Structures are given as structure tokens and as C-alpha cells.
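For reference, the chains in residue letters:
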Amino acid sequence: TTEIYTLSLHDALPICEGLFQEATLHSLGEGSRCLLQTNSTLLIRLGTLPSLEFHATVSLRASAIISLATGAPAKAHSFMVRPPARPSLPRVQIDGPPTIRSSDTLVLSAVVLAGGGGRRAELQWSLLLGGRGSQAIRALLAAAVGERLEVSGSLFDVETAYTFVLTARNWMGQTAVATLRV
């Protein structure tokens, strides 16, 4: 005979602590939340600084799985995390002015609109086109970290167009590119 098992969510646990073995629980991040949607679907909201990746093994505690027929606990169970069939592609844009004076500072902001899956995207700034000051700007961009970029107007050549490129890479390895011409 086939015995049917379900997760044992005592008092509808809002946290995942009682469900997973320690290594799996740590990979979900601090403050992760779990919700049993149906007898076969567990929704997990990752917490702060998760390390869970696709194809990783997730292990439930033995006490988290019970028989529907007898109420007896089952052996611990493990399964592999699968990527979504159609992952959400990242979308990114650069906010900033279209022109700048040499006495000003150019301030550009990266905006990741979608596709992060609750995690921060890895951002990389670069320069596609520019004038004589391009080398200094490229060096500045290579060292840039984060969503905000400041470039002194004195680095720009007069009457020269510069095209800034922002590449965002999400934790699933997908990328998006945005450009802004100044």
C-alpha cells in the first residue's frame, strides 16, 4: 500500500525553523518564513542574506513529515531546488541628466526594476563612448560599487557625447543592460 505524508506545521508555523535541518535552515537566510499552501506546496520566503541556490539539496527534519493515515512521523526527506520554468528576467534603468556642465558633478543612479527574486543584483558600470577624458572615467567606473555613481564634470570633454552602460546580473545568472547618453 502507498502511504501519503504531509508536512506537520504545528500551529501554522510562520517561521521555517521547525521544518528544516540546520544546514538548510541557514541557507534560507535570517528570518525566512514558510507557509503550507496545499498538502503538496510549501511557499518559502527567503530571509536576509540567503545562500540557497538552484540544484542545492534541501533537507526536512524527520519530525516535519507525518503520515496522513496514522499521524506517525516519517524519515527525513530531501529534495533538490529547481529553477523556475520561466524565471523573471531582470530589468534595469539608469536615472541621470542628459547634459552636464564642467563645473557640475554627474550623478547617475541604477534602478533595478524587476528580476531580483528578493536579492540584490550585481551591478557593473562601464563607458561605451567618450572623449579624451574616457580613461579617467573608465577607471572610476571600474572601481564603482553600488547603485549611485558620481563623476566630476571636469573629466568630460566639451561638446562630446558619453554613453554610460549599466549591467545588472541577478542571482540566477541572468543579465540586463541599460544605457544613458550624456
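Residues numbered from 1 in each chain as written. Predicted model: local features only at pLDDT ≥ 70, side-chain atom pairs only at ≥ 80, totals over all residues. Heavy atoms only, no water.

**Some thoughts on the packing of aromatic side chains**
Inference 1: With the rule as written, the count across this model stands at two aromatic pairs.
Inference 2: When the centroid spacing of 4.8 Å and the interplanar angle of 90° are considered together, the rings of F156 and Y162 count as edge-to-face. Of the two residues, F156 and Y162, neither departs from the other in class, the shared state being buried.
Inference 3: Ring pairs connect the aromatic residues F156, Y162 and F164, which therefore count as one cluster. (Phe/Tyr/Trp six-rings, centres within 6.5 Å; stacked < 30°, edge-to-face > 60°. Buried < 20%, exposed > 50% of the residue type's maximum accessible area, 1.4 Å probe, protein only.)

**What to know about the state of the cysteines**
Inference 1: Taken as a whole, this structure holds one disulfide when the rule is applied.
Inference 2: The disulfide that involves C16 links it to C34, with 1.8 Å between the sulfurs. On the S-S bond that ties C16 to C34, the torsion sits near 110°, and the link is right-handed. Residue C16 is found in the loop between β1 (5-7) and α1 (22-27), and its partner C34 is found in strand β2 (residues 33-38); the two are separated by 18 residues along the sequence. Like C16, the residue C34 is buried in the burial classification. (Disulfide = S-S within 2.5 Å. Helix = DSSP H or I, 4+ residues; strand = E, 2+ residues; numbered from the N terminus.)

**A short note on the environment of R169**
Inference 1: For R169, the position within the fold is in strand β11 (residues 163-169).
Inference 2: Linking R169 and A121, residues 48 residues apart in sequence, is a C-alpha distance of 5.4 Å.
Inference 3: For R169, the contacting residues outside a window of four places in its chain are A121, E122, Q174 and T175. (Contact = heavy atoms within 4.5 Å.)

**Quick look at the pattern of salt bridges**
Inference 1: Across all of its chains, the model carries three salt bridges by this definition.
Inference 2: A salt bridge links E22 to R61; its shortest N-O distance comes to 3.9 Å. Linking E22 in helix α1 with R61 in the loop between β4 (57-59) and β5 (65-67), this pair joins segments that are 39 residues apart in sequence.
Inference 3: Taking relative accessible area as the criterion, E22 reaches 54% and is therefore assigned exposed.
Inference 4: For the salt bridge of R148 with E150, the shortest nitrogen-to-oxygen distance reads 2.9 Å. (Salt bridge = Lys/Arg side-chain N within 4 Å of Asp/Glu carboxyl O.)

**Concerning the sheet that holds strand β7 (residues 91-95)**
Sheet strands line up and pair through hydrogen bonds in the backbone, either parallel or antiparallel.
Inference 1: Here we have three strands laid out as an open sheet, ordered β7-β8-β10, and antiparallel in their pairing. At either end of the open sheet lies a strand with only one pairing partner, and these are β7 and β10 (148-152). Strand-to-strand twist of the sheet, defined as the mean angle between neighbouring strand axes without regard to direction, takes the value 20°.
Inference 2: Here β7 runs beside strand β8 (residues 105-114); their pairing, made up of five bridges, is antiparallel. Its bridge partner being in β8, D95 is matched across the sheet by S109. (Pairing = 2+ DSSP bridges. Axes fitted to C-alpha atoms, helices over the stretch in contact; angles between N-to-C directions.)

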